[in-house]
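The residues making up each chain are set out below.
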Amino acid sequence: MISDTKITQIFCSFDDFCKDFVPFWQKSLLDNGKKRFRKSKMSLAEVMTIEVLFHLSGFRNFKKFYIGYVCKYLKKDFPDLVSYNRMVELKQQSFMPLAIYLKTLGLAKCNGISFIDSTPLRVCHNRRINGHKTFKKLAERGHCSLGWFYGFKLHIVTNDCGGIIDFMLTKGNVDDRKPLKTASFLKKLFGKLFGDKGYLSKELFTNLFSNGIHLVTKLKRNMKTKCVTPLMDAYHLRKRAIIETIFDQLKNIFQVEHSRHRSPVNYFTNIFSALIAYNFTEKKPSLKKDLVDTKQLILF
């Protein structure tokens with residue numbers, strides 16, 4: 001199901017990261033008076049690799065994947081496998097390493113053409129909101145094109161090759177434009193950034209333009225002013241749906257959204273490993289680059 005080459009590639013990337021990160025991490029825990037985690041037969045790199053492989057395997061349930069696939073067919077790759085209950089504990093310990101790996105090594109690079117959008121991550125059905133306890137005081141009610149939901153929002157920026165440049169998790173009631181007001185979210189971006197009408201803001205456009213980012217959006221129908229849009233900008237605006245395809249893959253293939261979590265730590269660990277798994281895939285939604293710009297202008 002998963003090739004040995006892919007398993008080796010993912011493990012080597014995590015192993016190189018852990019060699020530099022783990023000693024510094026353990027030292028920081030001791031300096032802060034915190035206890036170190038109980039030593040395990042499995043290395044941190046192996047745990048992180050298995051978590052990412054789950055999202056590439058096609059399984060819908062991690063327990064079935066670990067017991068029915070990893071323990072049966074991947075013993076040669078992971079000779080020191082632990083029980084499932086111990087694996088769940090190790091997953092919680094990998095929360096911080098996964099987050100730091102994703103932010104430092106697990107994301108794509110900006111090439112001057114970027115797309116931004118957000119998608120709701122529901123943590124329960126709307127009828128169960130009042131009785132939901134796992135994400136109480138963490139999740140919030142929000143509204144999207146499909147109606148009201150309870151949970152979080154995943155904001156991502158992608159390049160024209162389908163790679164995720166950066167991401168941000170917010171509560172469900174946060175405005176889509178708020179991440180673009182955060183300096184850390186903008187440091188990787190340059191060139192043109194294409195978004196939907198929800199990102200329309202004169203103040204936001206001015207602030208981004210002063211930072212070397214040209215925000216391009218369509219205008220609302222009730223806006224009186226009309227602007228002339230270059231052909232290439234109009235082309236990329238129409239192709240902005242590429243980010244919707246990425247959201248569809250993240251939710252339906254990489255399991256970034258489901259309502260079976262029993263702890264916030266496992267919830268965010270699942271999201272981090274899913275985003276890493278997506279960027280490890282070779283075939284991503286991308287745009288054709290054979291369009292020739294004839295310098296024509298389109299009136300919007």
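In what follows, the structure referred to is the one given above.
The notes below deal with the structure included here. Everything numeric here is computed off the predicted structure, so don't read it as measured data.

1. Things to note about the packing of helix H5 (residues 95-104) against helix H10 (residues 264-280)
Angle between the axes and distance between the axes are the two parameters that describe a pair of packed helices. H10 packs onto H5 with a crossing angle of 35° between their chain directions and a minimal axis gap of 9 Å. In this structure, H5 meets H10 at a crossing whose hand is left-handed. Contacts from Phe-95, Leu-98, Ala-99, Tyr-101 and Leu-102 in H5 reach Val-265, Phe-268, Thr-269, Phe-272, Ser-273, Leu-275, Ile-276 and Phe-280 in H10. By residue class, the composition of the contact of H5 with H10 is 11 nonpolar, two polar and no charged.

2. Overview of unusual backbone geometry
In this structure, Lys-137 is a non-glycine residue whose phi angle is positive, near 70°. Position of Lys-137 among the secondary structure elements: in the loop between strand E1 (113-122) and strand E2 (140-144).

3. Details of the nonpolar core
Counting 68 residues, the largest nonpolar core has Phe-14, Met-42, Ile-50, Tyr-66 and Leu-250 as the members making the most contacts within it. Ranked by residue count, the leading element in this core is H10, at 10 residues. Discounting residues that sit within four places of it in the chain, Ile-50 has contacts with Met-42, Phe-62, Phe-65, Tyr-66, Val-70, Phe-78, Leu-81 and Met-87. Residues Ile-116, Phe-185, Leu-186 and Leu-193 belong to the second largest nonpolar core, which totals 14 residues.

4. A look at the pairing of E1
The element E1 is largely enclosed, with a buried count of eight among its 10 residues. Pairing between E1 and strand E5 (residues 191-194): three bridges, direction parallel. In the strand pairing of E5, Ile-113 is matched with Lys-192. As paired strands, E1 and strand E3 (residues 147-159) are joined by nine bridges and run antiparallel to one another. Residue pairing in the sheet places Leu-121 in a bridge with Phe-152 of E3.

Parameters at a glance
- Residues numbered from 1 in each chain as written.
- Predicted model: local features only at pLDDT ≥ 70, side-chain atom pairs only at ≥ 80, totals over all residues.
- Heavy atoms only, no water.
- Axes fitted to C-alpha atoms, helices over the stretch in contact; angles between N-to-C directions.
- Helix = DSSP H or I, 4+ residues; strand = E, 2+ residues; numbered from the N terminus.
- Left-handed = near helix turned anticlockwise from the far one by under 90°.
- Contact = heavy atoms within 4.5 Å.
- Nonpolar A, V, L, I, M, F, W, Y, C, P; charged D, E, K, R; others polar.
- Core = buried A, V, L, I, M, F, W, Y, C linked by side-chain atoms within 4.5 Å.
- Buried < 20%, exposed > 50% of the residue type's maximum accessible area, 1.4 Å probe, protein only.
- Pairing = 2+ DSSP bridges.

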